[in-house]
Amino acid sequence: MKCTVAGGALEQAARFLAAATTGARTTLPILSHILLDARDDNTLRMASTNLTLWLEWTIAAEVEEAGQIAVAGKEWRSLVTGLTSPSVELEAPSELEMAGRMTMRFDGGEYKLPVLPADEFPVPPEEVPMHEPIQISGRRLSEALRKVMFAASTDPTMGVFTGVHFRKEEGDEYLDIVATDTHRLALFRLEDENFPTMNLTLPTSALKVLLPLIDKTATVNWRISEDNTLVEFSDEQWRVLITGLAGTYANYRRVIPQQFIHQIKFRVEEILPALRRMTVFKPSGRRQPLRVILRLVPDSSSMEIVAIDIEMGSYEEVGKETVRIEWVSGSPQPYTIAFQHPYLMEFLSTLKAGEVIANFQEPTQAALWQPVNDQRWLYIVMPMHLPGAE
């Protein structure tokens, strides 16, 4: 293999591929390597994988001799980071049966990097039957993902609930994109008649790698395997393959509340700053998360937001702010409900601005929050028990 490429293009590729490259201490050393594939069409394809996520990046190259080699990822990234040389030459033995060296030359410098035979590098499951590709706006897809990803569980023992679920059934006019940690749930409905039926869950960690790419891509090609185990996203320069999480996702549609005793409307710009100020009371270490009480004031168009400190079966009110609200249904009545502070903070921070309707059931039942100007997006959150409450 022998080719010449631009140094800046290598650095961009290395940053992207790092997300799927494992450490050198892995039981499969080849997973700490990056595949370099110099092709006859004057392109250099680079790939990395951790066996559940495959990343590929292709750049222009002057290929003198086509071939493949797997270069040690840590050493490769260290060399190409900050490399601005307009011309970098890569040369490796055309036939390699064991560990060897690849020569890298640029601006009078020469390095010999450790490499392994390319045939040891895992290939993605290309034989899996796939549906026809869907073309979707990258920005549209990234906005939908960001509206739900924050609600996924960060506990690695939670299985499918650490991912984002995609579901469309026969007869549905929209694709549900859902995330939940079983205490809260975010749902966004993406309308597009071209979506095939699907029922799959993708790891949040892999989708975070995808987001910066699709943000900048006008049209993304999206393919889904017929057995709902593999998903491919791509454009002309990059390709991402993600293996779905195994397990059955809960029937989230059953938990969406339909009837409420109180409905209020407020502006995010009034409540979010108050919640941010209350983070000064955020417990340290592994204590219970900060809790806040929402208290509807009778005969008033206002709501109290109260930060509380819980100790030994009781609580103390340590911070309070009053914000304006509008009653949407029912007459103003006293009502108190408590939530984990991060659950409200993360939703409203994602929303950033605008009006929200909060729909309350009994104080022990889930509340539904929904932006006024986007009925496709809803957020369901379970309340917290207050010490001393019946």
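Anything mentioned here points back to the structure above.
What counts as what
- Residues numbered from 1 in each chain as written.
- Predicted model: local features only at pLDDT ≥ 70, side-chain atom pairs only at ≥ 80, totals over all residues.
- Heavy atoms only, no water.
- 1 Å grid on protein atoms, 1.4 Å probe; cavity = no way out; pocket = protein on both sides within 12 Å on 5 of 7 lines; lining within 4 Å.
- Points joined across faces, edges and corners; volume = space filled by probe spheres on them.
- Helix = DSSP H or I, 4+ residues; strand = E, 2+ residues; numbered from the N terminus.
- Nonpolar A, V, L, I, M, F, W, Y, C, P; charged D, E, K, R; others polar.
- Buried < 20%, exposed > 50% of the residue type's maximum accessible area, 1.4 Å probe, protein only.
- Lys, Arg positive; Asp, Glu negative; His and termini not counted.
- Salt bridge = Lys/Arg side-chain N within 4 Å of Asp/Glu carboxyl O.
- Contact = heavy atoms within 4.5 Å.
- Axes fitted to C-alpha atoms, helices over the stretch in contact; angles between N-to-C directions.
- Parallel < 35°, antiparallel > 145°, perpendicular 65-115°, else oblique.
- Left-handed = near helix turned anticlockwise from the far one by under 90°.
- Arc of directions from axis to C-beta.
- Core = buried A, V, L, I, M, F, W, Y, C linked by side-chain atoms within 4.5 Å.
- Pairing = 2+ DSSP bridges.
- Phe/Tyr/Trp six-rings, centres within 6.5 Å; stacked < 30°, edge-to-face > 60°.

A. Looking closely at the layout of surface pockets. By volume, the largest pocket amounts to about 710 Å³. If you go around the largest pocket, you meet 30 residues; those closest to its centre are Thr154, Arg184, Pro342, Tyr343 and Glu346. Those elements giving two or more residues to the lining of the largest pocket turn out to be α4 (204–215) and α6 (341–351). Among the elements that take part in the lining of the largest pocket, α6 stands out by supplying five residues, more than any other. Across the lining of the largest pocket, the residue classes break down as 11 nonpolar, 12 polar and seven charged. Taken together, Gln12, Arg15, Phe16, Trp57, Val209, Pro212, Leu213, Lys216, Thr217, Asp235, Gln237 and Trp238 make up the full set of residues lining the second largest pocket. Residue composition of the lining of the second largest pocket, by class: six nonpolar, three polar and three charged.

B. Fine view of the side chain of Arg291. Along the polypeptide, Arg291 turns up in strand β19 (residues 291–296). The side chain of Arg291 is buried and forms no salt bridge, while Asp309, the nearest opposite charge, is found at 9.5 Å. Once you skip the residues sitting within four places of it in the chain, Arg291 turns out to touch Val306, Ala307, Ile308, Ile310, Phe339, His341, Met384 and His385.

C. Highlighting the packing of helix α1 (residues 7–17) against helix α2 (residues 73–80). At a minimum axis separation of 9 Å, α1 and α2 run at an interaxial angle of 135 degrees. Considering their axes alone, α1 and α2 lie oblique with respect to each other. The way α1 lies across α2 gives a crossing that is left-handed. Along the contact surface, α1 presents Leu10, Glu11 and Ala14, while α2 presents Trp76, Arg77 and Val80.

D. Layout of helix α5 (residues 268–277). Taken together, the buried positions of α5 are Val268, Ile271, Leu272, Ala274 and Leu275. Buried positions in α5, seen along its axis, are confined to an arc of 165 degrees and lie on one side of it. The inward-facing, buried residues of α5 abut β18 (262–267), β19, β20 (302–311), β21 (314–324), α6 and β24 (355–360).

E. Here's a closer look at the nonpolar core. Membership of the largest hydrophobic core comes to 105 residues, with the highest contact counts inside it found for Trp76, Trp222 and Trp369. Not counting chain neighbours up to four residues away, the residues in contact with Trp369 comprise Phe266, Leu294, Phe339, Leu344, Phe347, Val356, Ile357, Ala358, Phe360, Leu378, Tyr379 and Val381. Grouped together as the second largest cluster of nonpolar side chains are 12 residues, Val160, Ala366, Leu378 and Ile380 included.

F. Molecular detail of the sheet that holds β19. In space, the four strands of this open sheet follow the order β21-β20-β19-β23, with antiparallel pairing throughout. In this open sheet, the two edge strands, each paired with only one partner strand, are β21 and β23 (335–340). Each adjacent strand pair in this sheet contributes to an overall mean axis angle of 25 degrees, direction not counted. Across 10 bridges, the pairing between β20 and β21 is antiparallel. The residue bridging Val306 from the neighbouring strand is Lys320, located in β21. In this fold α5 packs onto β19, β20 and β21, with an angle of close to 150 degrees to the strand it touches most, β21. Contacting β19 and β23, α6 runs over the sheet at an angle of about 85 degrees to β23.

G. Representation of the packing of aromatic side chains in the model. Enumeration according to the criterion identifies 14 aromatic pairs in this entry. Aromatic side chains Phe339 and Trp369 sit 5.9 Å apart centroid to centroid with 75 degrees between the ring planes, which places their arrangement in the edge-to-face category. Remark: Trp369 occurs in strand β25 (residues 367–371) and Phe339 occurs in strand β23; sequence separation between them is 30 residues. On the basis of relative accessible area, Trp369 is assigned to the buried category, the value being 3%.

H. Spatial organisation of empty space enclosed by the protein. Enumeration according to the criterion identifies one cavity of 30 Å³ or more in this entry. In this structure, the largest cavity encloses a volume near 40 Å³. Surrounding the largest cavity, Phe266, Ile271, Leu275, Leu294, Met303, Ile305, Leu344, Leu348 and Trp369 form its lining. Of all the secondary structure elements, the ones that give two or more residues to the lining of the largest cavity are α5, β20 and α6. Each residue belonging to the lining of the largest cavity can be placed in one class, and the counts come to nine nonpolar, no polar and no charged.

I. Representation of the pairing of strand β10 (residues 134–137) in the model. Every second residue of β10 is oriented toward a common face, the buried set being Ile134 and Ile136 and the non-buried set Gln135 and Ser137. Both β10 and strand β15 (residues 219–224) contribute to a ladder of four bridges, which runs antiparallel. Bridged to Ser137 within β15 is Thr219.

J. Expanded view of the pattern of salt bridges. Counted under the stated rule, the structure contains 28 salt bridges. Put simply, Asp37 and Arg45 hold a salt bridge, and the shortest N to O gap is 3.3 Å. By relative accessible area, Arg45 is classed as buried at 12%. The salt bridge involving Arg376 is made with Asp374; its shortest N-O contact spans 2.9 Å. Under the relative-accessibility criterion, Arg376 is labelled partly exposed at 34%. If you follow the salt bridges from partner to partner, you end up with Asp37, Arg39, Arg45, Glu56, Arg223, Glu232 and Arg239 in one network.

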